[in-house]
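# Structural overview
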Amino acid sequence: MKIAIPVRHEMTFYHDNPCTAPKFALYAVEGKAPDIRYRLLSVIENPWSRPKCDHFSEEQIQCACDEDRRNNVRHICEHYALLDAVTGCSYLLADRYCENTARALRNGGITLFKVPPIIDRIDGVIKNFLIGSALASKVQHINRAS
(Lines give C-alpha, C1' and ligand atoms only; values in the text may rest on other atoms or scores of the structure.)
Protein backbone atom coordinates (compact mmCIF):
# COMPACT_ATOMS: atom_id res chain seq x y z
CA MET A 1 0.00 0.00 0.00
CA LYS A 2 1.14 3.55 -0.63
CA ILE A 3 0.45 6.41 1.79
CA ALA A 4 0.94 10.19 1.55
CA ILE A 5 1.91 12.43 4.44
CA PRO A 6 1.90 16.26 4.30
CA VAL A 7 5.26 17.54 5.57
CA ARG A 8 7.05 20.79 6.32
CA HIS A 9 10.29 21.73 4.60
CA GLU A 10 12.26 20.18 7.50
CA MET A 11 10.34 16.87 7.09
CA THR A 12 8.12 17.06 10.17
CA PHE A 13 4.41 16.38 10.00
CA TYR A 14 2.32 19.29 8.69
CA HIS A 15 -0.76 19.56 10.94
CA ASP A 16 -2.71 22.19 9.01
CA ASN A 17 -4.78 21.87 5.83
CA PRO A 18 -2.87 19.39 3.62
CA CYS A 19 -3.73 21.53 0.58
CA THR A 20 -1.35 24.14 2.02
CA ALA A 21 1.49 21.76 2.94
CA PRO A 22 4.83 22.55 1.30
CA LYS A 23 5.52 18.91 0.41
CA PHE A 24 4.25 15.36 0.58
CA ALA A 25 6.25 12.33 1.65
CA LEU A 26 5.12 9.19 -0.13
CA TYR A 27 5.72 5.89 1.64
CA ALA A 28 5.26 2.24 0.75
CA VAL A 29 3.90 0.04 3.54
CA GLU A 30 4.48 -3.67 3.01
CA GLY A 31 4.10 -6.94 4.88
CA LYS A 32 1.75 -8.31 7.49
CA ALA A 33 1.87 -8.21 11.27
CA PRO A 34 4.17 -8.76 13.00
CA ASP A 35 6.57 -7.97 10.12
CA ILE A 36 5.34 -4.67 8.66
CA ARG A 37 7.86 -2.44 6.97
CA TYR A 38 7.65 1.03 5.52
CA ARG A 39 10.02 2.94 3.31
CA LEU A 40 10.18 6.40 1.82
CA LEU A 41 9.47 6.35 -1.91
CA SER A 42 9.78 10.06 -2.65
CA VAL A 43 9.21 13.59 -1.42
CA ILE A 44 7.31 15.81 -3.83
CA GLU A 45 6.35 19.46 -3.89
CA ASN A 46 2.70 20.28 -3.32
CA PRO A 47 1.39 21.33 -6.77
CA TRP A 48 -0.92 23.91 -5.19
CA SER A 49 1.87 25.35 -3.07
CA ARG A 50 4.09 26.15 -6.08
CA PRO A 51 1.86 28.82 -7.68
CA LYS A 52 1.06 30.26 -4.25
CA CYS A 53 4.77 30.30 -3.23
CA ASP A 54 3.73 29.08 0.22
CA HIS A 55 1.64 32.23 0.76
CA PHE A 56 -1.74 31.09 1.93
CA SER A 57 -4.29 33.01 3.95
CA GLU A 58 -4.80 31.98 7.56
CA GLU A 59 -8.32 30.94 6.56
CA GLN A 60 -6.88 28.47 4.01
CA ILE A 61 -4.23 27.12 6.38
CA GLN A 62 -6.73 26.51 9.20
CA CYS A 63 -9.51 25.11 6.91
CA ALA A 64 -11.81 27.84 8.17
CA CYS A 65 -13.45 28.86 4.90
CA ASP A 66 -16.84 30.54 5.19
CA GLU A 67 -19.90 28.98 3.56
CA ASP A 68 -19.70 31.12 0.39
CA ARG A 69 -16.12 30.05 -0.21
CA ARG A 70 -16.84 26.38 0.59
CA ASN A 71 -19.57 26.38 -2.06
CA ASN A 72 -17.56 28.32 -4.65
CA VAL A 73 -16.83 26.11 -7.68
CA ARG A 74 -13.32 27.52 -8.12
CA HIS A 75 -12.50 26.83 -4.47
CA ILE A 76 -13.86 23.29 -4.74
CA CYS A 77 -11.70 22.70 -7.83
CA GLU A 78 -8.60 23.98 -6.02
CA HIS A 79 -8.83 20.97 -3.72
CA TYR A 80 -8.56 18.59 -6.66
CA ALA A 81 -4.98 19.80 -7.27
CA LEU A 82 -4.11 17.69 -4.25
CA LEU A 83 -4.92 14.58 -6.28
CA ASP A 84 -1.97 15.31 -8.60
CA ALA A 85 0.38 14.91 -5.67
CA VAL A 86 -1.13 11.84 -4.04
CA THR A 87 -2.45 9.87 -7.02
CA GLY A 88 -1.77 6.19 -6.57
CA CYS A 89 -1.91 6.41 -2.78
CA SER A 90 -4.45 4.50 -0.75
CA TYR A 91 -4.38 6.93 2.19
CA LEU A 92 -3.57 10.53 3.03
CA LEU A 93 -2.65 10.94 6.69
CA ALA A 94 -3.78 14.36 7.93
CA ASP A 95 -4.67 16.23 11.10
CA ARG A 96 -6.90 19.06 9.87
CA TYR A 97 -8.86 19.13 6.63
CA CYS A 98 -12.10 20.54 5.26
CA GLU A 99 -15.04 18.76 3.70
CA ASN A 100 -13.92 19.90 0.21
CA THR A 101 -10.57 18.17 0.74
CA ALA A 102 -12.30 15.03 2.00
CA ARG A 103 -14.67 15.00 -0.97
CA ALA A 104 -11.90 15.51 -3.55
CA LEU A 105 -9.83 12.69 -2.08
CA ARG A 106 -12.83 10.38 -1.72
CA ASN A 107 -13.70 11.02 -5.38
CA GLY A 108 -10.08 10.17 -6.27
CA GLY A 109 -10.25 6.88 -4.37
CA ILE A 110 -8.05 8.03 -1.47
CA THR A 111 -9.04 7.55 2.16
CA LEU A 112 -8.23 10.20 4.77
CA PHE A 113 -6.80 8.94 8.05
CA LYS A 114 -6.95 11.37 10.99
CA VAL A 115 -3.66 11.90 12.82
CA PRO A 116 -3.71 13.17 16.44
CA PRO A 117 -2.43 16.74 16.85
CA ILE A 118 0.28 15.67 19.32
CA ILE A 119 2.33 13.66 16.80
CA ASP A 120 5.05 15.53 14.88
CA ARG A 121 7.58 12.91 13.83
CA ILE A 122 6.90 11.01 10.62
CA ASP A 123 7.66 7.61 12.13
CA GLY A 124 5.09 8.34 14.85
CA VAL A 125 2.51 9.31 12.22
CA ILE A 126 3.07 6.06 10.33
CA LYS A 127 3.02 3.90 13.47
CA ASN A 128 -0.21 5.59 14.64
CA PHE A 129 -1.75 4.84 11.23
CA LEU A 130 -0.64 1.19 11.33
CA ILE A 131 -1.99 0.66 14.84
CA GLY A 132 -5.22 2.56 14.15
CA SER A 133 -5.97 0.80 10.88
CA ALA A 134 -5.17 -2.62 12.37
CA LEU A 135 -7.50 -2.04 15.33
CA ALA A 136 -10.23 -0.59 13.14
CA SER A 137 -10.23 -3.65 10.89
CA LYS A 138 -10.49 -6.08 13.84
CA VAL A 139 -13.03 -4.34 16.07
CA GLN A 140 -16.56 -5.38 15.27
CA HIS A 141 -18.45 -4.11 18.29
CA ILE A 142 -17.58 -1.35 20.72
CA ASN A 143 -19.60 -1.26 23.92
CA ARG A 144 -19.57 1.50 26.46
CA ALA A 145 -18.20 0.40 29.80
CA SER A 146 -20.20 1.80 32.67
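Conventions used here
Sequence order sets the numbering: in each chain, residues are counted from 1 along the sequence as written. Under the rules for a predicted model, residues below a pLDDT of 70 receive no local features and side-chain atom pairs below 80 are neither given nor counted, while totals for whole chains, interfaces and linings still include all residues. Only hydrogens and water are set aside when side-chain values are computed; all heavy atoms of the structure are taken into account. Each helix is a run of H or I in the DSSP string that is no shorter than four residues. Each strand is a run of E no shorter than two, and both are numbered from the N terminus. Throughout, exposure labels follow a simple rule: accessible area from a 1.4 Å probe, protein chains only, divided by the maximum for the residue type, with under 20% read as buried, over 50% as exposed, and the rest as partly exposed. Any two residues having at least one pair of non-hydrogen atoms within 4.5 Å are treated as being in contact. Areas reported here follow the Shrake-Rupley algorithm with a probe of radius 1.4 Å; residue values treat only the protein chains shown as occluding. Being paired, for any two strands, means DSSP has found at least two bridges between them. For helices, the axis comes from a line fit to the C-alpha atoms of the stretch in contact; other axes are also lines fit to C-alpha atoms, and the angle between any two N-to-C directions lies between 0 and 180 degrees. In summary, the pairing rule links any two rings of Phe, Tyr or Trp, Trp by its six-membered ring, whose centres are within 6.5 Å, and it sorts them by plane angle into stacked for under 30 degrees, edge-to-face for over 60 and tilted for everything else. None of His or the chain ends enter the tally, which takes Lys and Arg as positive and Asp and Glu as negative. Between Lys or Arg on one side and Asp or Glu on the other, a salt bridge is scored when a side-chain nitrogen of the former is within 4 Å of a carboxyl oxygen of the latter. Note on terminology: a nonpolar core comprises buried Ala, Val, Leu, Ile, Met, Phe, Trp, Tyr and Cys residues joined through side-chain atoms within 4.5 Å.

## So, the overall build of the chain
From N to C terminus, the chain includes seven helices and five strands. Along the chain, helices (α) and strands (β) appear in the sequence β-β-β-α-α-α-α-α-β-α-β-α when read from the amino end. Per-residue burial for the chain yields a buried fraction of 41% across its 146 residues. Sequence-distant contacts, at least 24 apart, represent 50% of the contacts inside the chain between residues at least 6 apart. Split by element, the accessible area of the chain, about 8600 Å² in all, is 52% carbon and sulfur.

## Here we look at the sheet that holds strand E1 (residues 2-7)
Taken together, five strands build an open sheet; the order of strands is E3-E2-E1-E4-E5 and the sheet is mixed. Edge positions in the sheet fall to strand E3 (35-45) and strand E5 (111-114), since each has one partner strand and no second. Each strand axis lies, on average, 30° off the axis of its neighbour in the sheet, ignoring direction. The sheet contact formed by strand E4 (residues 91-94) and E5 spans four bridges and is parallel. The residue bridging Tyr91 from the neighbouring strand is Thr111, located in E5.

## Here we look at the pairing of E3
Pairing of strand E2 (residues 23-32) with E3 involves ten bridges; the strand directions are antiparallel. When the bridges of E3 are listed, Tyr27 appears paired with Leu40. Where E2 folds back on E3, the antiparallel hairpin that results is connected by two residues.

## Comments concerning the packing of aromatic side chains
For the structure shown, the criterion picks out three aromatic pairs. Linked through ring pairs, Tyr91, Phe113 and Phe129 together constitute an aromatic cluster.

## Observations concerning the side chain of Lys23
Mapped onto the secondary structure, Lys23 falls in strand E2. No salt bridge is formed by the buried Lys23. Its closest oppositely charged neighbour is Glu45, at 4.0 Å. In this view, Lys23 contacts Ile5, Pro6, Val7, His9, Val43, Ile44, Glu45 and Asn46; residues no more than four positions away in its chain are not counted.

## Regarding helix H6 (residues 99-107)
Turning to H6, its buried residues number three or more, namely Asn100, Thr101, Ala102, Ala104 and Leu105. The first or second residue beyond H6 is Gly109, which carries a positive phi of 80°.

## Observations concerning the nonpolar core
One finds Phe24, Val86, Leu92 and Leu105 to be the most contacted residues of the largest nonpolar core, which totals 17 residues. At the level of secondary structure, the elements contributing two or more residues to this core comprise E2, helix H5 (81-86), E4 and H6. Of the residues forming this core, the biggest block, four residues, is contributed by H5. If we ignore the near neighbours within four places in the chain, the residues touching Phe24 are Ile5, Pro6, Val7, Pro18, Ser42, Val43, Ile44, Asn46, Leu82, Ala85, Val86 and Leu92.

## Re the pattern of salt bridges
According to the stated counting rule, one finds six salt bridges in the structure shown. Of the charged contacts, one joins Asp16 and Arg96 as a salt bridge, the two residues approaching to 2.3 Å between their closest N and O atoms. Of the two residues, Asp16 sits in the loop between E1 and E2 while Arg96 sits in the loop between E4 and H6, which places them 80 residues apart along the sequence. Assessed through its relative accessible area of 29%, Arg96 is described here as partly exposed. We note a salt bridge from Asp95 to Lys114, for which the minimum N-O separation is 2.7 Å. Here Lys114 lies in strand E5 and Asp95 lies in the loop between E4 and H6, a separation of 19 residues in the sequence.

Geometric values such as these leave the question of function open.
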